[in-house]
Amino acid sequence: MSEDTLDKMISGYMSTRQPQYSFGWQGGEPTLMGLDFFQRAVELQKKYGQSGVSVSNGLQTNGILINDEFARFLAKYNFLVGVSLDGPEYIHNHYRKYKGGGDTHADVLKAIKCLKRHNVEFNILVLVNKNNVDKAGEIYHFLCDNGLFFHQYIECVEFDKNGKPLPYSVTSELWGKFLCDIYDEWKKSDTRKVSIRSFDSLLNYLVSGTRNVCKMGMDCRQYFVVEYNGDVFPCDFFVEKELKIGNVSQGNCFSEGNCVSETNWDEFRESKIYKDFGKMKTEWNKKCGECEYIAYCAGDCLKSRFYFKRDPEQISWLCKGWEIFYEHALPGLRELAREIHNERTQSENMRPQAAMPAPLNEHTPQKEFIPQIDVRQKKIGRNDPCPCNSGKKYKNCCLGLGPN
């Protein structure tokens, strides 16, 4: 990405009104851009951000290029880093090799130690593929034994042009069994120690009724993807010519007249392409609408529903696996959600009454008083208890509210 494109992307986005400005840097491998690129990105965020706004940055990386200088920078600006690590050495190195064929596992662990040394917040992303899908317990305990307690498990599902799964993809049933095995290990004694994103998201929904991951959402308009040349798309799984919304430098697109006239993020958001893409999430199969688990999967990601053809009514490739997991884990997750709800209620009852603002009148619904947090003044971990004492994690409570 050129500096001009970077400037236009950041200046345009930060001219919009947001409770918090969030940037997710992915690739390919984003650290190939070099530390200078990210230093410049932060400079531009400072330049175009109004006084008092909160900006968050996430970086997904294989970790290979992380050194002390890079880690110091990430810590200074509170980047949340995701590191790809697929388990023990013999599992990780099966697919994750250097171009010349060398193994990468040792270098990834070296990068993780570097991040720890500089107190960078990070989590581990495990790509669940054909080679490791039957090794859930071994992977889980390897991570925990190495002091890695923030996990994301991502299914590897890719199709060829004929809609057939590629050799390294997981089957639906094996994906479901993998999740069940992870859940069983986690449930034994780690529910308050280890954060697993998919479980956290289900608990968040069971406790508060909110969906905090796009897969569970009822609309696919969750974010924008900006490619290296400034082209804008609705999703990183669907960077396709017919779904191009516009360009941060030119503002126009080439999809049968559904074009915006200038570089304006509000107009990108209102574009027909974006709206049509978003509403496909709930244009699911009739059987999905009748399923007892639809509230949790919302038909699953469109990526898993578009394999033989571009049809949102196709049932997800992973449907059976999700059914296996929900049937197995939901009873225990509901019980845990009740515990969390009761703890939260007790915590709320202990709050000083003086902290509650007076209602406008006796008939006006009174909003819960939650202190605003400026994440730049005090570093609070996304998975730390929220300082407002709600009993929830910071990421599921005040993090998204922005500064006062």
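Residues numbered from 1 in each chain as written. Predicted model: local features only at pLDDT ≥ 70, side-chain atom pairs only at ≥ 80, totals over all residues. Heavy atoms only, no water.

## Let's talk about the packing of aromatic side chains
The full count for this structure, using the stated rule, is 33 aromatic pairs. Judged by centre distance (5.3 Å) and plane angle (65°), the rings of Phe-238 and Phe-277 are edge-to-face. Taken together, the residues span a long stretch of sequence, with Phe-238 in the loop between strand S8 (231–233) and strand S9 (246–247) and Phe-277 in helix H10 (residues 272–279) at a distance of 39 residues. Of the two residues, Phe-238 and Phe-277, both sit in the buried class. Through a chain of ring-to-ring contacts, three or more aromatic side chains come together here, namely Tyr-153, Trp-175, Phe-178, Tyr-183, Trp-186, Phe-199, Tyr-205, Tyr-293, Tyr-296, Trp-322, Phe-325 and Tyr-326. One residue, Lys-303, lies across the ring of Phe-237, its end atom 5.2 Å from the ring centre. (Phe/Tyr/Trp six-rings, centres within 6.5 Å; stacked < 30°, edge-to-face > 60°. Helix = DSSP H or I, 4+ residues; strand = E, 2+ residues; numbered from the N terminus. Buried < 20%, exposed > 50% of the residue type's maximum accessible area, 1.4 Å probe, protein only. Lys NZ or Arg CZ within 6 Å of the ring centre and 35° of its normal.)

## Points about the sheet that holds strand S4 (residues 121–128)
If you trace the 6 strands from one edge of the open sheet to the other, you get S1-S2-S3-S4-S5-S6, paired in parallel fashion. On the outer flanks of this sheet lie strand S1 (21–25) and strand S6 (195–196), each paired with one strand and no other. Relative to S4, strand S3 (residues 80–84) runs parallel, the two sharing 5 bridges. What sits directly across from Gly-82, in S4, is Asn-123. The strands touched by helix H7 (residues 172–189) within the sheet are S4, strand S5 (150–155) and S6, with S5 carrying the most contacts at an inclination of about 165°. (Pairing = 2+ DSSP bridges. Contact = heavy atoms within 4.5 Å. Axes fitted to C-alpha atoms, helices over the stretch in contact; angles between N-to-C directions.)

## Observations concerning unusual backbone geometry
Put simply, Gly-27 and Gly-28 share a cis peptide bond, and its omega is 10°. Within the element layout of this structure, Gly-28 appears in the loop between S1 and helix H2 (35–48). At Asn-78, a residue that is not glycine, the phi angle is positive and equals roughly 55°. Checked against the element boundaries, Asn-78 lands in the loop between helix H3 (68–76) and S3. Its identity as a non-glycine residue notwithstanding, Asp-300 has a phi of 75°, on the positive side.

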